[in-house]
Number of protein chains: 2
Amino acid sequence: MATGAAARALALSIETLNSNVIRARYAVRSEVAARATVLAKRLADGDKTLPFKSVISCNIGNPQAVHSQKPLTYIRQVLAMCMYPDLVSCGIFPTDAVNRARSLLDAMPGGIGAYSNSQGHERVRADIASFLTNRDGLPTSIDEIYCTKGASEAVRMTLECLIRDGTDGVLVPVPQYPLYSSTLTVLGGQTIGYFLNERDQWSQSRAELTRAYDEASKLGANIRALVLINPGNPTGQVLDRLTIEATIRFCDERNMVLMADEVYADNVYDPDCEFVSCRRVAQEIGSNVQIVSYNSVSKGFIGECGLRGGYMHLWNFPSDVMEQFTKLASMSLCSNTVGQIAMALHLRPPVEGDESYPVYAAERQSVIDSLRRRAVRMSEALNKLDGMSCTLIQGAMYAFPRIRLPAGAVDEAKARNIAPDEFYVRELLEQTGIVCVAGSGFLQEHGTYHFRITILPPEDQIDEVVERLTNFHKQFLARFP
Amino acid sequence: MATGAAARALALSIETLNSNVIRARYAVRSEVAARATVLAKRLADGDKTLPFKSVISCNIGNPQAVHSQKPLTYIRQVLAMCMYPDLVSCGIFPTDAVNRARSLLDAMPGGIGAYSNSQGHERVRADIASFLTNRDGLPTSIDEIYCTKGASEAVRMTLECLIRDGTDGVLVPVPQYPLYSSTLTVLGGQTIGYFLNERDQWSQSRAELTRAYDEASKLGANIRALVLINPGNPTGQVLDRLTIEATIRFCDERNMVLMADEVYADNVYDPDCEFVSCRRVAQEIGSNVQIVSYNSVSKGFIGECGLRGGYMHLWNFPSDVMEQFTKLASMSLCSNTVGQIAMALHLRPPVEGDESYPVYAAERQSVIDSLRRRAVRMSEALNKLDGMSCTLIQGAMYAFPRIRLPAGAVDEAKARNIAPDEFYVRELLEQTGIVCVAGSGFLQEHGTYHFRITILPPEDQIDEVVERLTNFHKQFLARFP
């Protein structure tokens, strides 16, 4: 800056920046993640002074980044042809992939380089609608579907319509994925936590929903919606039909929108569990609750995080409300067409008899089987450690173990002015190179400590992760007896 | 919905939806655009009753949608290889494109299917930074760059940091691109218009900036930033160095952030005009104004709207402020990697000697030459019409002609409760199939009427557009003498 700059107040300084933005916390990419980047760079630059040889990112559900998951061949082949249509006739791709690319290109005048309809290409939404029709046994219109930049943008648009001022709030599970609390904070709304019961596989109860609702209402909150994350992030539970039914009735009685985060629907590992959509349950019990459900190409067995494809489905909303969602969507023109197509391919994949089917089916099975093995391996390993316990990972991509921290460690954290589990994960990174997220970033019951660790490192690295973590944990306990 | 739904208030109805969202207007994709979709569908379904045979979209800068512009071969080849890395060795692409894809894939562990850094891949930001360093003659750090979903998301993030409550406002040119006013409305901030002078090629004056600033300040507004759109959208002017200098000094004196919308930097057609960046001028005059500048892959000669790539560059912001931008970026994880790479390829294209260069250079020149011819053709045609005048289209992608509407037409519009130029463009659509946007959607001087029409239809259709428009205009004037 030129001389004199320091003498004058800046137009935009931290003192004059929107305090809602400053107050928002998004722990998944916090200081620990930033510090990990620095350490990884030092290793890459040949630094031999660190007590580990590699940084292992277990902080974020980003499967392709950690080389544990390759993109599905069919999806990438069709997308490559949409990207460069000359490839359609180059003779190197399976017939069904070629036909799918042709049909997509025919349906998209201008190709993938043109803006689509603000809600997404009609052909893409037709594939999504048809998937939802089959899944829920209910007709689904393409007008109810909004393609978005992952699920995050969809959640944001929903909250933007709901939150009018500081008295409006949303019921959010604790622990939760911090997108909810951080977006609510930026928009100036209230995050009202309802606790999941860790002792009972992170279950949710009507009594607890009622407590949370009533306490916040008494303090003047106007509670507009309830967030349900199924399968749970970070908690890994898969909700049963009865729990979903009770939650829907609760929303019905109190006139709340149900925000159904179902992005991990394909990530169910426990053979005793089955994913059931909120909408299916709602229609079965004759509820007309308003549901916004979310999906993403980043999770499931597709794991295409970088393509930023997602959608929301609005059910039981009147057309004048839908028009407002459409206007919000139009303000950023449309979501990216590549992510849109990836979603269509994911929800209408090759079927038996298609040339691509055998490879597609084998790849899909291999991803799911491997995730299942890693889920078991990780929870077993964590449960073996003194002072650590982890519920069964029924679904999603994470373990969320509880750690019983020694009083000395809690005091040390206090002295450093950070949460005790934040202290734990920082030390874990510095000693082992493993990157996790502290439970405090997801909200948790007062006095309990957790961390979230993904089950995504490749299987041959999972043992390494477990070993580093075990050694660290023992030393940590020994350090604070 | 199940029986009884109507008897009860909905959880989210138009009455209980955030009124800031309801008040926002985004005319570029408004009723006229929706009506055009309906008409196009009727034509496609064989309806012979309409007075035109095709809908011609001139409402949005979406070049690939109207087949006037093909994607650049080099960009799509590299992207196809990034999408499906086996193509790197298939022997059908030029060596330099193959090498570029290899080098990008090497730099992106996990490929394009992994989330990148929240600000964008380091390699992508390195290419952007190096472009900015050369363009402005100033060192540029990758830490100052945020890759975003087009420029829209970047503008939104900036305003989110700036707007704290209803007293905060931003100076916006009139006419403006409605993203600014609509986003300000959604965020609850004030849009404070400063008028561009149509008689003088939509120039902006210090006197007018002062008037706008002082009047709003007196009413209690806290003016935090000034938006400058150069080349102008919808107005097509290219600002000269002196105007930019005066605007920077104005921001300096009043301690405002300068929001520099420079997405049309490559779209300059008038040989007497040259694009100069705000940052370059600022450093030449020794200003330390805070600048956020915006760029996009949707415009220029690349026109990759569907890929949703863009970035903002923050200059002279302290690190604690940048951290807040980074947190906002991290809340939606990252922008899509395909759009990021497209931006890198656009800003570091093939150079002389590369195998791809001749085709790349020819394609680029052909797009620019064609746009230049269409800009001239469109403004000449519009100026020939009675009661219509259009300034020279120096840059960007639009004509914004002024129409002098007969009193009868103004009365008729009032009777229909719509703006007079909205009436004009609706009639234009119904009679001719041409889709434009009314000037009222961009804000305009009281009592003046305009519409925005893109110069993007292919050259062989431009004559058709001009003919339909000319016939319509004559009939319209005859209808309201």
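Residues numbered from 1 in each chain as written. Chains lettered and ligands numbered in written order. Predicted model: local features only at pLDDT ≥ 70, side-chain atom pairs only at ≥ 80, totals over all residues. Heavy atoms only, no water.

**Q** What is the right way to look at the nonpolar core in this model?
**A** Nonpolar side chains in soluble globular proteins tend to be buried together. Membership of the largest hydrophobic core comes to 340 residues, with the highest contact counts inside it found for M259 and I453 of chain A together with M259 and I453 of chain B. Other than its neighbours up to four places away in sequence, M259 of chain B contacts V155, T158, L159, L162, V170, Y180, A225, L226, V227, L228, V292 and Y294 of chain B. (Core = buried A, V, L, I, M, F, W, Y, C linked by side-chain atoms within 4.5 Å. Buried < 20%, exposed > 50% of the residue type's maximum accessible area, 1.4 Å probe, protein only. Contact = heavy atoms within 4.5 Å.)

**Q** Teacher, can you tell me more about the UniProt feature "domain: Aminotransferase class I/classII large" (unreviewed entry) in chain A here?
**A** UniProt tags residues 107–469 of chain A as "domain: Aminotransferase class I/classII large" (unreviewed entry). The span residues 107–469 of chain A is 43% helical and 15% strand by assignment, and the distance between its end C-alpha atoms comes to 51 Å. (UniProt positions renumbered as here; feature names shortened; annotations may be inferred. Helix = DSSP H or I, 4+ residues; strand = E, 2+ residues; numbered from the N terminus.)

**Q** Would you take a moment to explain the sheet that holds strand 14 (residues 451–454) of chain B for this structure?
**A** Strand pairing in a sheet takes place through backbone hydrogen bonds and is either antiparallel or parallel in direction. All names here are of chain B. Spatially, the three strands line up as an open sheet ordered 10-14-13, and their pairing is antiparallel. Here the strands that pair on one side only, and so sit at the sheet edges, are strand 10 (398–399) and strand 13 (437–438). Pairing between strand 10 and strand 14: two bridges, direction antiparallel. Its bridge partner lying in strand 14, Y398 is registered against T454. Packed onto the sheet, helix 13 (residues 357–384) meets strand 10 and strand 14 and runs at close to 145° relative to strand 14. (Pairing = 2+ DSSP bridges. Axes fitted to C-alpha atoms, helices over the stretch in contact; angles between N-to-C directions.)

**Q** Looking at this model, I keep getting lost on the side chain of T183 of chain B. Mind explaining?
**A** Positionally, T183 of chain B belongs in helix 7 (residues 179–186). Filtering out sequence-adjacent residues up to four positions away, T183 of chain B remains in contact with M331 of chain A together with R156 and L159 of chain B.

**Q** Looking at this model, I keep getting lost on the environment of G111 of chain A. Mind explaining?
**A** For G111 of chain A, the location among the structural elements is in the loop between helix 4 (95–107) and helix 5 (122–136). It is 50 Å that separates the C-alpha atoms of G111 of chain A and K48 of chain A, two residues lying 63 residues apart in sequence.

**Q** In this structure, what is going on with unusual backbone geometry? I would like to understand it.
**A** Where the residue is not glycine, phi is negative for most of them; where a peptide bond is considered, it is trans in most cases. All names here are of chain B. Here the bond from N230 into P231 is cis, since omega is -10°, no more than 30 degrees from zero. Geometrically, the link from N233 to P234 is a cis peptide bond, its omega value of 10° lying close to zero. Mapping P234 onto the fold places it in the loop between strand 5 (222–229) and helix 9 (241–254). Phi at N255 takes a positive value of approximately 55°, unusual for a residue other than glycine. With respect to the secondary-structure elements, N255 resides in the loop between helix 9 and strand 6 (257–261).

**Q** Help me understand the domain arrangement of chain A, please; the structure alone is not making it clear to me.
**A** Frequently, the measure chosen for interface size is the accessible area removed from exposure when the parts meet. Along its sequence, chain A is organised into domain 1 (19–68 + 361–479), domain 2 (73–106) and domain 3 (114–347). The C-alpha centroid of domain 2 of chain A is placed 40 Å from the C-alpha centroid of domain 1 of chain A. (Domains from an automatic or database assignment.)

**Q** Quick question: what am I supposed to make of the relation of the copies chain A and chain B here?
**A** For these two chain copies, the linking operation is a rotation about an axis paired with a shift along it. The two copies are related by a screw operation: chain A maps onto chain B through 180° of rotation and 0.0 Å of translation along the axis, at an RMSD of 0.0 Å. Both copies of the chain, as the preceding transformation shows, are related through a two-fold rotation axis. No C-alpha of chain A lies nearer the rotation axis than that of A80 of chain A, which sits 2.4 Å from it. A high fraction, 100%, of the interface residues of chain A reappear at the interface in chain B, so the copies pair face to face through one surface. (Least-squares fit on C-alpha atoms with pLDDT ≥ 70 in both.)

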